[in-house]
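Structure at a glance
In case you want the letters, here they are:
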Amino acid sequence: MKANTESILEVRDLVKHFPLTQGIVVKRQIGAIKAVDGVSFDLHRGETLGIVGESGCGKSTLAKLLMALERPTSGSVRVHGRDITTARGAELKRMRRNIQMVMQDPYTSLNPRMTVGDIVGEPFEIHSDVVPKGGRRRRVQELLEVVGLNPDHINRYPHQFSGGQRQRIGIARGLALQPEIIICDEPVSALDVSIQAQVMNLLERLQNEFDLAYIFIAHDLSVVRHISDRVAVMYLGKIVELGSDAEIYDSPTHPYTQALLSAVPVPDPEGRETRQRIILQGDPPSPANPPSGCHFRTRCWKAQDICAEQTPALEARPGSGHPSACHFAEARDVVNAQ
Amino acid sequence: MTEVLSEQVGRGSHSGALLEVDDLHVEFRTRAGVAKAVNGVTYSVDAGETLAVLGESGSGKSVTAQTIMGILDMPPGKITGGEIRFRGVDLLKLPEDQRRRVRGEGISMVFQDALSALNPVFPVGWQIAEMFRMHRGTSRAEAKKKAVELMDRVRIPAAKDRVNDFPHQFSGGMRQRIMIAMAIALDPEILIADEPTTALDVTVQAQIMGLLAELQRDSNMGLILITHDLGVVADVADKIAVMYGGRIVENAPVHDLYKNPAHPYSKGLLESIPRVDHKGQELYAIKGLPPNLLEMPTGCAFHPRCPYRRDNCVTDVPPLYTISGTRGSACHYWREVIDEGEH
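Small disclaimer: the values here were computed from a predicted structure and weren't measured.

Things to note about the overall build of chain B
Scanning chain B from terminus to terminus reveals 14 helices and 12 strands. For chain B, the spread of C-alpha atoms along the three principal axes comes to 65 × 50 × 40 Å. Counting the 343 residues in chain B, one finds 48% classified as buried. Put simply, of all contacts in chain B between residues at least 6 apart along the chain, 65% involve residues at least 24 apart.

Digging into the overall build of chain A
Scanning chain A from terminus to terminus reveals 10 helices and 12 strands. Relative to the 2.2 N^0.38 estimate, which gives 20 Å for 338 residues, the radius of gyration of chain A is 21 Å and therefore close to what a compact globule would have. Each of the three principal axes of chain A carries a C-alpha extent, and together these read 65 × 60 × 40 Å. Residue burial in chain A is summarised as follows: out of 338 residues, 46% are buried. The contacts of chain A with a sequence gap of at least 6 include a subset with a gap of at least 24, amounting to 65%.

A word on the UniProt feature "domain: ABC transporter" (unreviewed entry) in chain A
Feature annotation in UniProt places "domain: ABC transporter" (unreviewed entry) on residues 9-261 of chain A, given in this structure's numbering. With 35% helix and 28% strand, residues 9-261 of chain A has end C-alpha atoms that lie 28 Å from one another.

Overview of unusual backbone geometry
With omega at -15°, the peptide bond leading from Met74 of chain B into Pro75 of chain B counts as cis. The amide bond that connects Pro75 of chain B to the next residue, Pro76 of chain B, takes the cis arrangement and shows omega of 5°. Assignment of secondary structure puts Pro76 of chain B in the loop between helix 2 (61-69) and strand 4 (77-86). For Ala68 of chain A, which is not glycine, the phi dihedral falls at a positive 60°. By the element assignment, Ala68 of chain A lies in the loop between helix 1 (59-66) and strand 4 (74-79). Residue classification places Ala68 of chain A among the buried positions, given that 20 C-beta atoms sit within 10 Å. Despite not being glycine, Arg87 of chain B shows a phi value in the positive range, around 55°. Residue placement: Arg87 of chain B occurs in the loop between strand 4 and strand 5 (89-90). Residue class for Arg87 of chain B comes out buried when judged on the 23 C-beta atoms lying within 10 Å of it.

Let's talk about the packing of helix 3 (residues 116-126) of chain A against helix 4 (residues 136-146) of chain A
All names here are of chain A. Two elements in contact, helix 3 and helix 4, have axes separated by 9 Å at closest approach and are oriented at 115°. Considering how the two elements wind past one another, helix 3 and helix 4 form a crossing that is right-handed. Here Gly117, Val120, Gly121 and Phe124 of helix 3 lie close against helix 4, whose contacting residues are Arg136, Arg137, Val140, Leu143 and Leu144. A breakdown of the residues in the contact of helix 3 with helix 4 according to their chemical character gives 5 nonpolar, 2 polar and 2 charged.

Re the UniProt feature "domain: ABC transporter" (unreviewed entry) in chain B
Mapped onto this numbering, the UniProt entry annotates "domain: ABC transporter" (unreviewed entry) at residues 19-270 of chain B. Span residues 19-270 of chain B is 42% helix and 28% strand, its end C-alpha atoms 28 Å apart.

Remarks on the confidence of the model for chain B
All names here are of chain B. Residues at a pLDDT of 70 or more form 94% of chain B, whose mean pLDDT is 86. Across chain B, the element-wise mean pLDDT spans from 49 in helix 1 (residues 3-8) up to 93 in strand 9 (residues 239-244). Two summary scores accompany this predicted model of the complex, namely pTM at 0.83 and ipTM at 0.77.

Observations regarding the sheet that holds strand 10 (residues 247-253) of chain B
Residue and element names in this part refer to chain B. Overall, mixed pairing links the 8 strands, which are arranged 6-7-8-3-9-10-12-11 in an open sheet. Both outer strands of the open sheet, strand 6 (107-110) and strand 11 (321-324), are each paired with one neighbouring strand and no more. Direction aside, the axes of adjacent strands within the sheet are offset by 20° on average. In this structure, strand 11 lies alongside strand 12 (residues 327-329), joined through 3 bridges in antiparallel fashion. Across the sheet, Ser324 pairs through a bridge with Arg327, a residue of strand 12.

Observations regarding the sheet that holds strand 5 (residues 82-83) of chain A
Residue and element names in this part refer to chain A. The sheet built from 4 strands is open, its strands ordered 2-1-4-5 with antiparallel pairing. Bordering the open sheet on either side are strand 2 (28-44) and strand 5, each of which pairs with just one other strand. Where strand 1 (residues 7-22) lies against strand 4, 5 bridges are found, and the strand directions are antiparallel. The partner of Val15 across the bridge, within strand 4, is Ser74. Relative to the sheet, helix 1 contacts strand 1, strand 2 and strand 4, its axis offset from that of strand 2 by approximately 70°.

Describing helix 6 (residues 140-153) of chain B
Residues and elements named next belong to chain B. Between the first and last C-alpha of helix 6 there are 20 Å, a value that for 14 residues agrees with the 20 Å anticipated at 1.5 Å per step. Considering only its buried residues, helix 6 is in contact with helix 5 (124-136), helix 7 (159-162) and helix 8 (172-184). Arg155 sits one or two residues past helix 6 and shows a positive phi near 60°.

Looking at the interface of chain A and chain B
Note on interface size: it is often stated as the accessible area lost on association of the parts. In this assembly, 36 residues from chain A lie in contact with 39 residues from chain B. Contributing elements (two or more residues each) for the side of chain A that touches chain B: helix 6 (193-210), helix 7 (221-227), helix 8 (245-250) and helix 9 (255-263) of chain A. When the residues that make up the side of chain A that touches chain B are grouped by side-chain class, the tally is 18 nonpolar, 9 polar and 9 charged.

Some details on helix 5 (residues 163-175) of chain A
Residues and elements named next belong to chain A. In this model helix 5 runs 19 Å from its N-terminal to its C-terminal C-alpha over 13 residues, within 8% of the 18 Å that 1.5 Å per residue would give. The element helix 5 is extensively covered by neighbouring structure, given that 12 of its 13 residues are classed as buried. Burial in helix 5 covers these residues: Gly164, Gln165, Arg166, Gln167, Arg168, Ile169, Gly170, Ile171, Ala172, Arg173, Gly174 and Leu175. The inward-facing, buried residues of helix 5 abut strand 6 (99-102), helix 3, helix 4, strand 7 (181-185) and helix 6.

Details of the environment of Val204 of chain B
With respect to the helices, strands and loops of the structure, Val204 of chain B is situated in helix 9 (residues 202-219). For Val204 of chain B, a count of 25 C-beta atoms within 10 Å gives the class buried. On a C-alpha basis, the gap between Val204 of chain B and Gly172 of chain B in space is 8.7 Å, while along the polypeptide they are 32 residues apart. When residues no more than four places from it in sequence are discounted, the contact partners of Val204 of chain B are Asp283 of chain A together with Gly172 and Gly173 of chain B.

With respect to the environment of Ala330 of chain B
Residues and elements named next belong to chain B. In this fold, Ala330 is placed in the loop between strand 12 and helix 14 (334-342). Overall, Ala330 belongs to the buried group, with 24 C-beta atoms counted inside 10 Å. Between the C-alpha atoms of Ala330 and Gly222, which are 108 residues apart in sequence, the distance is 25 Å. Ignoring anything within four residues of it in the chain, the contact list for Ala330 reads Arg247, Ile248, Val249, Glu250, His263, Pro318, Pro319 and Leu320.

Parameters at a glance
- Residues numbered from 1 in each chain as written.
- Chains lettered and ligands numbered in written order.
- Predicted model: local features only at pLDDT ≥ 70, side-chain atom pairs only at ≥ 80, totals over all residues.
- Helix = DSSP H or I, 4+ residues; strand = E, 2+ residues; numbered from the N terminus.
- Buried ≥ 20, exposed ≤ 12 C-beta atoms within 10 Å, placed from the backbone.
- Contact = placed C-beta atoms within 7 Å.
- Rg over C-alpha atoms; globule rule 2.2 N^0.38 Å.
- UniProt positions renumbered as here; feature names shortened; annotations may be inferred.
- Axes fitted to C-alpha atoms, helices over the stretch in contact; angles between N-to-C directions.
- Left-handed = near helix turned anticlockwise from the far one by under 90°.
- Nonpolar A, V, L, I, M, F, W, Y, C, P; charged D, E, K, R; others polar.
- pLDDT = per-residue confidence, 0-100.
- Pairing = 2+ DSSP bridges.
- Expected span 1.5 Å × (residues − 1).

If you want it as structure tokens, here you go:
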């Protein structure tokens, strides 16, 4: 996993609010779900940025914004300096070729009536200049081979494959247009443990082979640590901490990151009686009505008056090298603390 | 437990464990053929003990639980052999009306997906109270009062105000608490939790597992935790049964299994999980796919994926070899697997 510093994706102050309306004939906006609420980060060529957070924190909406499947309320997503959020028509189509996606559920993201050859070859129909018509079948077979499927199975249907194999089909489809960026939205969470490892190894091999950059969205912190070079932790639409995998996992400074990490069960029974746990109370607040100031303050044990008044910026804090959105950021190793 | 039940299910009059599953066989007769889901499963759990049943999808762990509860769909399911003894009485031979008393009062269950396990058209309080009305004949008002108490016990905030809310008005973690409230309503002696936290976020998972542990401590229940999550198992289990292809391939006290697994499948699983506490190199991946229950491999079901395979693994089904009093492994070469882990 090598990463150089050339940014191929720059996200700045990205905001997506979904309006909440009332009334049937005359619709009035009564509020907004703040799904993504000011997110900024860079993605470098060949690196993996992991995005972790609980359900409802906006990670999947973020993925849709990056793919230009949703238009943001404000902010920009620049791919090689060009803004995908304002692109239209032919330009958007050309830009999308560079960003592809692997979906979470391999059972519903493949059309059951299409053969594997049609599914993996569909991108070539849409972007017909990539591979000439005569060469497409051979190209699809090459792709199947790259992801570890038997190229002779090109005429089979999705139901003839297991979950792990279906996820490989989804990955082959993502690779078809030779993108530089692949967004993986929970790519292994629907798979069994023994199959999860196979798919993660495949993703890593493909990254090295094709110099791909991944945005790897997952709720499983162990999986994210394994595959990521850098990690962003999201809570209620905001990134609360961003750093290298070692910075986030070994010296997290944001209380939410610390709570999240300490809640992950470690697969080793030694010392379980003395392991310290930060157990958060309650559920995350609704993104329609987030708390003032710091969104996490309602569940935070460090919260003071300033947390309700001032929204903490995502910036480097004294005593730690990576940005954290907490007024009282303080490094603490919670994973290895016994 | 009521008087009637204790007469039938002789309290304290037997010497074995509280619940014993003995050589259970379950198959499903489908149009495509006979799927052998459970092929001779034996395990036991005692009061206050936590048994974790670990396995991937299709390993038969949930079917075994459904058979214990007596909620298996028959047909297509069919129990073709074995016994399930609760306090020494074989549940499979009990008539349905007595079986029904055991369910809820003796053994109860928490399901994975609380949203589909709860009835969407009744208030949650009504559904919890139903346990008392049906099993105890409690009056409506009294049952509702008990429902509120239970909701308090599983720490649902403002239980009194929320007793008339419907399942969709609760978050995932709160719904799972309601499921737990229903399961513990009649003070069961055994609680089966089938993937109780799989659908939940990690911070909520920690809350729910903490709640289950606390309830178990308070009432000395036996807990059967069915899961695929090796982290959750390491946290709470006393002993583990690893299932593969409808059989138990290894059983062991929790510390032994994690320190030194005795079956190639358990060993492979432990090596294939990414860790949150350190960053590893490439993950070990068990090659191949889990077995198709319609066409089970001959001999040991794990042999097509096993790095220790020899010729006799293809032909001879390994029995569950005894390693010590509390450990067993269904591998012909368990000595080799254990020795390799020791250096």
